[in-house]
Amino acid sequence: MDKNKIIIVTGSNRGLGQAICRLLAQTSHDPPLTIYATSRESVSLDIKPSHKNLMRFEQLDITSTSSIQSLISKINSPVDILINNAAVALDQEYSYENAVKTFAVNYRATRNMCELFLNLGGMAENNGSRIVNVTASGSSKLSSYSKDIQAQFSSSSLTLAGLDNLTDIYLQSVKTGTEEESGWNHIKGSYNVSKSCVNVLTTILSKQYPNILINCCCPGWNKTDMGRLGGDFGKDPMEGAKIPVKLAIGDIGNVSGGYWANDSIVDTGDGKLREW
């Protein structure tokens with residue numbers, strides 16, 4: 001059994017995920033951290049941990065239940081922190097097929113990661129464990145949807161099954177080209193809608209597991225491959241990593257179900273609670 005605090009970071013092979021691992025690795029923490037840097041390709045990063053922290057590099061396909069189960073079996077110890085960072089942005093070649101792929105990774109795989117680590121990974125019984133879901137701001141904001149969609153997203157009675165159904169309804173609107181008139185108001189914006197759904201997922205899970213801190217955050221606009229799709233004006237990913245790292249190991253006053261971000265997507269702070 002690993003006596004260190006065990007942290008899983010997805011999508012760690014580049015960009016923000018790699019920056020999150022680097023920042024965690026250089027942070028002093030009691031107990032020290034064992035950081036599992038995971039990616040589909042299982043890339044070994046040039047990260048030299050300090051303060052008795054440890055790095056582990058593991059293969060993980062978040063869209064594969066068997067791959068997730070294999071990692072959980074390999075760790076063979078209750079997981080303390082899960083940072084769901086892996087995502088895709090395919091809207092530059094917008095189509096129904098790419099929207100389906102976007103939701104398969106950004107929403108459904110994130111949902112599956114949470115549920116499997118909560119149960120098989122021992123997080124549900126590990127009081128005080130944390131889940132951090134990396135989402136987005138801007139066009140993913142609740143106010144960007146119709147009043148009807150806003151009400152459904154915000155309903156206190158919304159279940160995971162109900163949220164799954166909403167994602168199916170959205171994808172059907174993409175298939176028929178009726179996103180705007182259906183109230184989603186996101187033409188060629190499946191990435192944004194998928195991240196909104198992760199915000200809602202975070203809220204639902206936080207109510208189901210009150211002994212665990214489950215939050216989501218916008219890391220801002222970073223100079224990463226994904227960030228450059230919107231122009232080369234972002235900040236260093238190490239600055240963007242501050243918010244998810246704070247939610248993972250910092251003092252957040254036992255807040256759960258929150259959305260954290262800076263005032264601006266180019267601000268370099270470590271975030272605060274905001275309405276999404």
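Residues numbered from 1 in each chain as written. Predicted model: local features only at pLDDT ≥ 70, side-chain atom pairs only at ≥ 80, totals over all residues. Heavy atoms only, no water.

1. Section: the overall build of the chain
Moving on, step 1. If you tally the helices and strands in the chain, you get eight helices and eight strands.
Moving on, step 2. At 18 Å, the chain has a C-alpha radius of gyration in line with the 19 Å of a compact globule built from 276 residues.
Moving on, step 3. Taken along its principal axes, the extent of the C-alpha atoms in the chain is 55 × 40 × 35 Å.
Moving on, step 4. Counting every position in the chain, which comprises 276 residues, the buried fraction comes to 55%.
Moving on, step 5. Considering only contacts within the chain whose residues lie at least 6 apart along the sequence, 70% involve residues at least 24 apart.
Moving on, step 6. Computed over 26 positive and 27 negative side-chain charges, the separation of the two mean positions in the chain equals 4 Å. (Helix = DSSP H or I, 4+ residues; strand = E, 2+ residues; numbered from the N terminus. Rg over C-alpha atoms; globule rule 2.2 N^0.38 Å. Buried < 20%, exposed > 50% of the residue type's maximum accessible area, 1.4 Å probe, protein only. Contact = heavy atoms within 4.5 Å. Lys, Arg positive; Asp, Glu negative; His and termini not counted. Charge placed at Lys NZ, Arg CZ, Asp CG, Glu CD.)

2. Describing the sheet that holds strand β7 (residues 259–261)
Moving on, step 1. Taking strand neighbours across the sheet as the criterion, the eight strands line up as β3-β2-β1-β4-β5-β6-β7-β8 in an open arrangement whose pairing is mixed. On the outer flanks of this sheet lie β3 (54–59) and β8 (272–274), each paired with one strand and no other. Along the sheet, successive strands turn relative to each other by an average axial angle of 25°, direction set aside.
Moving on, step 2. Alignment of strand β5 (residues 130–134) against strand β6 (residues 213–217), held across five bridges, turns out to be parallel. (Pairing = 2+ DSSP bridges. Axes fitted to C-alpha atoms, helices over the stretch in contact; angles between N-to-C directions.)

3. A word on the layout of surface pockets
Moving on, step 1. In this structure, the second largest pocket encloses a volume near 320 Å³.
Moving on, step 2. As for the second largest pocket, its lining consists of 18 residues, of which F153, S154, N199, T203 and W276 are closest to the centre.
Moving on, step 3. Of all the elements in the fold, those that place two or more residues in the lining of the second largest pocket are α4 (147–154) and α6 (190–208).
Moving on, step 4. Counting residues per element, the lining of the second largest pocket draws most heavily on α6, at five residues.
Moving on, step 5. Counted by class, the lining of the second largest pocket contains eight nonpolar, seven polar and three charged residues. (1 Å grid on protein atoms, 1.4 Å probe; cavity = no way out; pocket = protein on both sides within 12 Å on 5 of 7 lines; lining within 4 Å. Points joined across faces, edges and corners; volume = space filled by probe spheres on them. Nonpolar A, V, L, I, M, F, W, Y, C, P; charged D, E, K, R; others polar.)

4. As for the pairing of strand β2 (residues 33–39)
Moving on, step 1. For β2, a buried count of seven out of seven residues is recorded, marking the element as mostly surrounded by other parts of the structure.
Moving on, step 2. Side chains of β2 alternate between two faces, with L33, I35, A37 and S39 and T34, Y36 and T38 buried alike.
Moving on, step 3. Of the strand pairs in this sheet, strand β1 (residues 5–9) and β2 are connected by five bridges, and their pairing is parallel. Looking across to β2, one finds that I8 is bridged to Y36.
Moving on, step 4. The handedness of the β1 to β2 crossover, carried by helix α1 (residues 15–25), is right-handed.
Moving on, step 5. Here six bridges tie β2 to β3, and the two strands are oriented parallel to one another. (Right-handed = clockwise from strand over helix to strand, strands pointing away.)

5. Description of the side chain of N126
Moving on, step 1. Among the structural elements, N126 can be located in the loop between α3 (96–119) and β5.
Moving on, step 2. At a separation of 3.0 Å, a polar atom in the side chain of N126 contacts the side chain of D80.
Moving on, step 3. Filtering out sequence-adjacent residues up to four positions away, N126 remains in contact with P78, V79 and D80. (Polar contact = N/O pair within 3.5 Å; in protein donor to acceptor, adjacent residues only side chain to side chain.)

6. A short note on α4
Side chains of residues three or four places apart in an α-helix project in the same direction, reflecting 3.6 residues per turn.
Moving on, step 1. All buried positions along α4 are accounted for by I149, Q150 and F153. When α4 is viewed along its axis, its buried side chains cluster within an angular range of 100° and face the same direction. (Arc of directions from axis to C-beta.)

7. Digging into the packing of aromatic side chains
Moving on, step 1. The tally for this structure, following the rule as stated, stands at six aromatic pairs.
Moving on, step 2. Ring centres of F153 and W184 lie 6.1 Å apart, and the angle between their planes is 65°; this geometry places the pair in the edge-to-face category. Residue F153 is found in helix α4, and its partner W184 is found in the loop between α5 (160–176) and α6; the two are separated by 31 residues along the sequence.
Moving on, step 3. Taking relative accessible area as the criterion, F153 reaches 5% and is therefore assigned buried.
Moving on, step 4. Here Y170 and W184 contribute two aromatic rings whose centre-to-centre distance is 5.2 Å and whose plane-to-plane angle is 70°, an arrangement assigned as edge-to-face. Remark: W184 occurs in the loop between α5 and α6 and Y170 occurs in helix α5; sequence separation between them is 14 residues.
Moving on, step 5. Each member of the aromatic cluster is reached from another via a ring pair, and the members are F103, Y145, F153, Y170, W184 and W276. (Phe/Tyr/Trp six-rings, centres within 6.5 Å; stacked < 30°, edge-to-face > 60°.)

8. Structural notes on the environment of G162
Moving on, step 1. You can see G162 is positioned in helix α5.
Moving on, step 2. Here G162 falls in the partly exposed class, since its relative accessible area comes to 22%.
Moving on, step 3. Along the primary structure G162 and Q152 are separated by 10 residues, whereas in three dimensions their C-alpha atoms are 9.1 Å apart.

9. Here we look at the pairing of strand β4 (residues 81–84)
A regular strand carries its side chains on alternate faces of the sheet.
Moving on, step 1. Alternating positions in β4 separate into two faces, I81 and I83 on one and L82 and N84 on the other, with burial throughout.
Moving on, step 2. Examined bridge by bridge, β1 and β4 share three bridges and lie parallel to one another. Bridge pairing in β4 links I8 to L82.
Moving on, step 3. Summarising the sheet, β4 and β5 pair through four bridges and their orientation is parallel. By the bridge assignment, N84 is partnered in β5 with N133.
Moving on, step 4. After leaving β4, the chain enters α3 and then returns to the sheet as β5, a path that is right-handed.

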